[in-house]
Amino acid sequence: MIRTRIAPSPTGIPHSGTTRTALFNYLWAKKNKGRFLLRIEDTDQARKVEGAEKSIEEILSWLGLSYDEKYTQSDRLDLYKKYADQLLEKDLAYQDEGAIRFKMPKEGTTSLTDAIGGKHISFENKDQEDFIILKSDGFPTYNFANVIDDHLMEISHVIRGEEFISSTPKHIQLYNAFGWDLPVFAHLPVILGNDKKKLSKRHGAASALEYREQGYLKEALLNYMAFLGWRPAGDEEIISASKMEEIFDLSDVNTASPIFDLKKLEWINGMYIRNLSLENLKEQLIAFYENDKDVSELLNGKNGDMFVAAAQSRMKTLADFKTLVTDVHSDRKKSTEEKEIAQKLVRELEKTNELNGESLLELIRNFGKTNSVSFKTIYFLLTGREQGLPLLELLKIYGKDYFLKNLQNS
RNA sequence: GGCGCCAUCGUCUAGUGGCCUAGGACACAGGGUUUUCAUCCCUGGAAUCGAGGGUUCGAAUCCCUCUGGCGUCACCA
């Protein structure tokens, strides 16, 4: 039975690294019809942040990374105490100023084979130090609780960030001290920012929740995060979560650290938006803008479908929809020549009482032809912006007077 | 600094001794379609495979050395 786990500490909102680790653990469990667990590692009471656990749950649930079992370390203090006592009895640990330290062997080597890249890693035991397993406040340290729980919860694959690789000899010696079997270790390369430093808030590294607020689709985020280090056979880059569950393999995970590329995430998100059915896109937009009265009205109005259809290929994120349908003017000023053209156009427009999409386009084509004015210029004069939704949609949103007003503006 | 990991276009990567004068995607540049813009389509530039030594008839692929980057050295995880 394959059992994996994501073991975050509730010291803040998990960033992309933790989320991607959760994804890989989830995928590996699914791929093998195993189980994926959530374990809250709240053994550092001082750094505990209120609400962090809730956001962890929210991220997992939004992304659809549902867990099969959940545990919280602070509920299990007696257990850690019991195992620490066992070590004390066996003289494998000792008291030190109120804390308990584990006696690391000082000779030989401790080694492991990492599932990522199949590499063999070894450490000289003489470089290792006795480390604290139980703090003076009665709480276990990460190094201890993590091992006890992974064993008790029968974790078969410990898939975690590469930053834990140097503490792995501690874990292995603990398993040895208890006479327990080792799990498979898989250390994922850390995700780097543009400056090639470990991704953090400094890089504007957003949590999955922030990406959601920025209008990213969970499918796109999942797809992008999976491809940060993992690459299945073939050239396909747009792969659904269910497909990933089918073909994910730890042996296809890279050994080098990837740099987070927002541009590619944007592209993938745009692809997902364009691949959505109109109804689905509209539903997502309605949910995204549920607290925005103006946009909601537009979406739910009689031309809602039309706007969604026109905006679909123009959005990279759901947030772009608002920019598309909102009255935003470009900074560009009209030249004297353009002002004259605008006045001419005003007169043309005023001739027609009934202005619908058809007649507007007809009028513009003729006007452009007889005055040799490009559509690009006319679009700017009419809308006050240099790019955006097609005129037809803008006419439906704002009406003829809006165009007239823009033509007369400087 | 000690220990450990890593090293192919700007970025994500394919590549496991000959199919590689290195392939794909993003980004970028140019062109076509189009109602601006976007989409879509086509084309292009972009890596002497970190450097230097080997091994081999033949190396991005195997070995060694160096260099660089990253990670880690807490009663944090």
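Residues numbered from 1 in each chain as written. Chains lettered and ligands numbered in written order. Predicted model: local features only at pLDDT ≥ 70, side-chain atom pairs only at ≥ 80, totals over all residues.

Caption draft 1: Broad picture of the overall build of chain A. When helices and strands are tallied, chain A shows 18 helices and 10 strands. Taken over C-alpha atoms, the radius of gyration comes to 29 Å for chain A, far larger than the 22 Å a tight globule of 410 residues would show. Seen along its three principal axes, the alpha-carbon backbone of chain A occupies a region of about 100 × 40 × 40 Å. Considering chain A as a whole, with its 410 residues, one finds that 32% of them fall into the buried category. (Helix = DSSP H or I, 4+ residues; strand = E, 2+ residues; numbered from the N terminus. Rg over C-alpha atoms; globule rule 2.2 N^0.38 Å. Buried ≥ 20, exposed ≤ 12 C-beta atoms within 10 Å, placed from the backbone.)

Caption draft 2: Geometry of the environment of Lys-376. Turning to its location among the elements, Lys-376 is positioned in helix 16 (residues 375–383). Note on Lys-376: 11 C-beta atoms within 10 Å, which makes it exposed. For the pair Lys-376 and Glu-386, spaced 10 residues apart in sequence, the C-alpha to C-alpha distance is 7.6 Å.

Caption draft 3: Fine view of the environment of Asn-223. In this structure, Asn-223 sits in helix 7 (residues 218–226). Spatially, the C-alpha atoms of Asn-223 and Met-244 are 8.5 Å apart, while their sequence positions differ by 21 residues.

Caption draft 4: Up close: the sheet that holds strand 8 (residues 131–134). Read from one edge to the other, the open sheet built from 3 strands follows the order 4-5-8, with strand pairing classed as antiparallel. Either end of the sheet is taken by a strand with one partner, and the two such strands are strand 4 (93–96) and strand 8. Direction aside, neighbouring strands of the sheet carry axes that sit 45° apart on average. Here 4 bridges tie strand 4 to strand 5 (residues 99–102), and the two strands are oriented antiparallel to one another. Bridge assignment links Ala-93 to a residue of strand 5, and that residue is Phe-102. Relative to strand 8, helix 3 (residues 77–89) is tilted by about 130°, and along the sheet it contacts strand 4, strand 5 and strand 8. (Pairing = 2+ DSSP bridges. Axes fitted to C-alpha atoms, helices over the stretch in contact; angles between N-to-C directions. Contact = placed C-beta atoms within 7 Å.)

Caption draft 5: Spatial organisation of the protein's contact with RNA strand B. For RNA strand B, the set of nearby residues contains 59 residues, the closest of which are Glu-41, Glu-97, Tyr-142, Lys-198 and Gln-387. Contributions of two or more residues to the surface near RNA strand B are made by strand 7 (120–124), helix 9 (262–275), helix 15 (357–371), helix 16 and helix 17 (391–398). With 4 residues, helix 9 is the single largest residue contributor to the surface near RNA strand B. When its residues are assigned to classes, the surface near RNA strand B shows 21 nonpolar, 16 polar and 22 charged. (Near = placed C-beta within 6 Å. Nonpolar A, V, L, I, M, F, W, Y, C, P; charged D, E, K, R; others polar.)

Caption draft 6: Focus on the pairing of strand 9 (residues 157–161). Buried residues dominate strand 9, accounting for 4 of its 5 residues. Pairing analysis gives 5 bridges linking strand 9 to strand 10 (residues 184–188), with the strands arranged parallel. By the bridge assignment, Arg-160 is partnered in strand 10 with His-187. With respect to chirality, the unit in which strand 9 leads through helix 5 (residues 168–178) into the neighbouring parallel strand 10 is right-handed. (Right-handed = clockwise from strand over helix to strand, strands pointing away.)

Caption draft 7: Looking closely at the nonpolar core. Among the nonpolar cores identified, the biggest contains 63 residues, and Leu-23, Leu-60, Leu-221 and Leu-285 are the most heavily contacted of them. When neighbours within four sequence positions are excluded, Leu-23 is seen to be in contact with Leu-65, Leu-222, Met-225 and Ala-226. Counting 14 residues, the second-largest nonpolar core is a separate cluster that includes Tyr-80, Phe-102, Ala-145 and Leu-174. (Core = buried A, V, L, I, M, F, W, Y, C linked by C-beta atoms within 7 Å.)

Caption draft 8: How the structure looks around the sheet that holds strand 1 (residues 3–6). Reading across the sheet, the 3 strands line up as 1-2-3 and stay open at both edges, with parallel pairing between neighbours. The open sheet has two edge strands with one neighbour each: strand 1 and strand 3 (69–72). Pairwise comparison of adjacent strand axes, ignoring direction, gives a mean angle of 25° for this sheet. Pairing geometry for strand 2 (residues 35–40) and strand 3, over 4 bridges, is parallel. Bridge pairing in strand 3 places Ile-40 opposite Thr-72.

Caption draft 9: Here's a closer look at helix 18 (residues 400–408). Along helix 18, the residues classified as buried are Phe-403, Asn-406 and Leu-407. Considered in projection along helix 18, the buried side chains sweep an arc of 100° and stay on one side of the axis. Pointing more than 90 degrees away from the buried face of helix 18 are the exposed residues Asp-401 and Gln-408. Buried positions along helix 18 lie against helix 14 (336–351) and helix 16. (Arc of directions from axis to C-beta.)

Caption draft 10: Highlighting unusual backbone geometry. Phi at Glu-154 is positive, roughly 55°, even though this residue is not glycine. Phi angles above zero are rare outside glycine, and Ser-372 is one such case at about 40°. Within the fold, Ser-372 resides in the loop between helix 15 and helix 16. Here Ser-372 falls in the exposed class, since 6 other C-beta atoms lie within 10 Å of it.

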